[in-house]
Amino acid sequence: MRLLFVCLGNICRSPTAEGVMRSLVGEAGLEGEIKLDSAGTGGWHIGSPPDRRARAAASARGISLEGAARAVSSEDFDDFDLLLAMDSSNLDDLRRLAPSEQARAKVRLLREFDPASAQLKRGDGNDLDVPDPYYGAAGGFEEVLDLVQAACAGLLEQIRAGEQP
């Protein structure tokens, strides 16, 4: 299984999701079976490390955020089984970038996999969003970690059960 986590700039939410999932995959002993990466729909942070506030919040939970920001490419739709958007805006951007209907079918919202989110509807398009903490209050990075950990745990549970996410 190959998973790409996608947010806007690839310095806060998507590297956090990648780091959380990498930690969960490691705990499950599935490193050889699940390939992980992250990217952004925008290119202005290309080459930058994850935001220091995201790294600090993750580190406090024993999670390492690594890598350098990159932009989503058309090849990602071939290279990954799922492209997991952090919010409805990223979802719309990915669907526009998808080269085919088959590629569009690989695009999902990460929080769809959070069992606690099952009762939420995408009525206004924001119910399943992982909020962008970049310009927000300090606690936003903790909230992102909470939401991402729940969704990644649900996703990994589906993968381990042999269910097609």
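What comes next concerns the included structure. Per chain, the residues get numbers from 1 upward, laid out in the order the sequence is written. Only residues with pLDDT of at least 70 get local features here, since the model is predicted, and only at 80 or more are side-chain atom pairs given and counted; chain-wide, interface and lining totals rely on the full set of residues. The side-chain values count all of the structure's non-hydrogen atoms but skip hydrogen atoms and water molecules.

**Thoughts on the packing of aromatic side chains**
Here is step 1: When the centres of two rings from Phe, Tyr and Trp lie within 6.5 Å, Trp using its six-membered ring, the rings pair. Their planes under 30 degrees apart give stacked, over 60 give edge-to-face, and anything left gives tilted. Taken as a whole, this structure holds one aromatic pair when the rule is applied.
Here is step 2: Geometrically, the ring pair formed by Tyr134 and Tyr135 is edge-to-face, given 4.7 Å between the ring centres and 90° between the ring planes.
Here is step 3: The aromatic ring of Phe80 is capped on one face by Lys35, whose charged end is 4.8 Å from the ring centroid.
Here is step 4: Over the ring of Tyr134 we find Arg53; its NZ or CZ atom is 5.3 Å from the centre of that ring. Consider the ring centre and the ring normal. A charge sits over the ring if Lys NZ or Arg CZ is within 6 Å of that centre and within 35 degrees of that normal.

**Description of the side chain of Ser117**
Here is step 1: Each helix is a run of H or I in the DSSP string that is no shorter than four residues. Each strand is a run of E no shorter than two, and both are numbered from the N terminus. On the secondary structure map, Ser117 appears in the loop between strand S4 (107-109) and helix H6 (140-160).
Here is step 2: In terms of polar contacts, Ser117 uses its side chain to reach the side chain of Arg111, at 2.9 Å. In protein, a polar contact requires one atom able to donate a hydrogen and another able to accept it; more generally it is a pair of N or O atoms within 3.5 Å, and residues adjacent in sequence count only if both atoms are side-chain atoms.

**Quick word on the pairing of strand S3 (residues 82-85)**
Here is step 1: With burial as the criterion, each face of S3 is covered, one bearing Leu82 and Leu84 and the other bearing Leu83 and Ala85.
Here is step 2: Pairing between strands is defined by DSSP: at least two bridges between them are needed. Note: S3 against S4, three bridges, orientation parallel. Within S4, the residue paired with Leu84 across the bridge is Arg108. Relative accessibility under 20% of the residue-type maximum defines a buried residue, over 50% an exposed one, and the middle range a partly exposed one, all with a 1.4 Å probe and only protein chains included.

**A closer look at the nonpolar core**
Here is step 1: In this structure, Leu3, Phe5, Met21 and Leu110 are the most contacted members of the largest nonpolar core, which totals 33 residues.
Here is step 2: When residues of this core are traced back to their parent elements, those giving at least two are strand S1 (2-7), helix H1 (13-28), helix H2 (52-59), S3 and H6.
Here is step 3: Considering each element in turn, this core owes the most residues, nine residues, to H6.
Here is step 4: Contacts were defined at the residue level, with two residues in contact if any of their heavy atoms lie within 4.5 Å. For Met21, the residues in contact, after removing those within four places along its chain, are Leu3, Phe5, Leu36, Cys152, Leu155, Leu156 and Ile159. Residues belong to one nonpolar core when they are buried, are Ala, Val, Leu, Ile, Met, Phe, Trp, Tyr or Cys, and are joined through side-chain atoms within 4.5 Å.

**Considering unusual backbone geometry**
Here is step 1: You will see that Asn10, though not glycine, has its phi angle at about 65°, which is positive.
Here is step 2: The residue Asn10 is located in the loop between S1 and H1 in this model.
Here is step 3: On the basis of relative accessibility, which here comes to 3%, the residue Asn10 falls in the buried class.

**What about H1?**
Here is step 1: Between the first and last residue of a helix there are one fewer steps than residues, each counted as 1.5 Å, and that sum is the expected span. End to end, H1 covers 22 Å across 16 residues, agreeing with the expected 22 Å (1.5 Å per residue, within 8%).
Here is step 2: Among the residues of H1, Arg13, Ser14, Pro15, Thr16, Ala17, Glu18, Gly19, Val20, Met21 and Val25 are the ones counted as buried.
Here is step 3: Looking at the buried side of H1, the elements it contacts are S1, strand S2 (35-40), H2, helix H4 (88-97) and H6.
Here is step 4: Taken from the residues just after H1, Gly29 is the one with a positive phi, measuring 70°.

**Describing the packing of H1 against H6**
Here is step 1: Helix axes use the C-alpha atoms of the stretch in contact, all axes being lines fitted to C-alpha atoms, and the angles between their N-to-C directions lie in the range 0 to 180 degrees. Where H1 meets H6, the axes come as close as 9 Å, and the angle between the chain directions of the two elements is 45°. With respect to H6, the axis of H1 lies oblique. Between H1 and H6 the crossing geometry is right-handed. On the side of H1, the interface is formed by Arg13, Thr16, Ala17, Val20, Met21, Leu24, Val25 and Ala28, while H6 contributes Val144, Leu145, Val148, Gln149, Cys152, Ala153, Leu155, Leu156, Ile159 and Arg160.
Here is step 2: Across the contact of H1 with H6, the residue classes break down as 14 nonpolar, two polar and two charged. Between 65 and 115 degrees an angle is taken as roughly perpendicular, under 35 as roughly parallel, over 145 as roughly antiparallel, and anywhere else as oblique. Left-handed is the label given to a crossing in which the near helix is rotated counterclockwise from the far helix by less than a right angle, and right-handed is the label when the rotation is clockwise. Note that Gly is not counted as nonpolar here; it falls among the polar residues with everything else outside the nonpolar set of Ala, Val, Leu, Ile, Met, Phe, Trp, Tyr, Cys and Pro and the charged set of Asp, Glu, Lys and Arg.

**Looking at the sheet that holds S3**
Across a sheet, paired strands are connected by hydrogen bonds in the backbone, their directions being either parallel or antiparallel.
Here is step 1: Strand order in the open sheet made by the four strands is S2-S1-S3-S4, with parallel pairing throughout. Each end of this open sheet is capped by a strand with a single partner; those strands are S2 and S4. Strand-to-strand, the axes of this sheet are offset by a mean angle of 30°, without reference to chain direction.
Here is step 2: On top of the sheet, H4 reaches S1, S3 and S4; it is set at about 175° to S4, its chief contact.

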